[in-house]
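# Analysis of the macromolecular model
Each chain, letter by letter, is given below.
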Amino acid sequence: MQLSVKNMLSLPSKIIEMVENGNQAIASKKEEPHVLEGTPCVYSTEEAKAMVLERGREIKAGHVKMIPHDEVMREMEQLAASYAD
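Residues numbered from 1 in each chain as written. Predicted model: local features only at pLDDT ≥ 70, side-chain atom pairs only at ≥ 80, totals over all residues. Heavy atoms only, no water.

Another point: helix α3 (residues 45-60). One turn of the α-helix equals 3.6 residues, which is why residues spaced by three or four share an orientation. Over its 16 residues, α3 extends 23 Å from the first C-alpha to the last, a length consistent with the 22 Å expected when each residue adds 1.5 Å. Immediately beyond the C-terminal end of α3, within one or two residues, lies G62, with a positive phi of roughly 80°. (Helix = DSSP H or I, 4+ residues; strand = E, 2+ residues; numbered from the N terminus. Expected span 1.5 Å × (residues − 1).)

This is the structure we're talking about:
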């Protein structure tokens, strides 16, 4: 998707840079097509589904140590509280 000049003028420069990087990555056939330079890692739907299924198999096989829900919630509450300061 390309943005028009009029639309681009209203966007912050970082977003414009991310869109341009994404457009370049899409235009060029990279070895790792899911990696868009300058942005967090992005996967296709098929890649994401495969990763979720693999993760599920690893969990069921006991290869991955799960974090208890209460611990995750406690850490998230602490993180949220740190942003309030």
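Moving on from the model shown.
Okay, the pattern of salt bridges next. Between side chains of opposite charge, a pair can form when the charged atoms approach closely. The tally for this structure, following the rule as stated, stands at one salt bridge. Note that E54 is salt-bridged to R57, the shortest N-O span being 3.2 Å. With a gap of three residues between them, E54 and R57 both fall in helix α3, about one helical turn apart. On the basis of relative accessibility, which here comes to 35%, the residue E54 falls in the partly exposed class. (Salt bridge = Lys/Arg side-chain N within 4 Å of Asp/Glu carboxyl O. Buried < 20%, exposed > 50% of the residue type's maximum accessible area, 1.4 Å probe, protein only.)

This part is about the confidence of the model for the protein chain. For the protein chain, the average pLDDT comes to 75, and 56% of its residues sit at 70 or higher. For the protein chain, the element scoring lowest by mean pLDDT is helix α1 (residues 5-9), at 56; α3 scores highest, at 90. (pLDDT = per-residue confidence, 0-100.)

A grouping of I67, V72, M76, L79 and Y83 is seen on the molecular surface, where their side chains present a nonpolar patch of about 510 Å² in accessible area. The topology assignment puts I67 in the loop between α3 and α4 (69-84). (Patch = residues over 30% accessible without salt bridge, like charges linked within 9 Å, V, L, I, M, F, W, Y side chains within 5 Å. Areas by Shrake-Rupley, 256 points an atom, 1.4 Å probe, with all protein chains shown as cover.)

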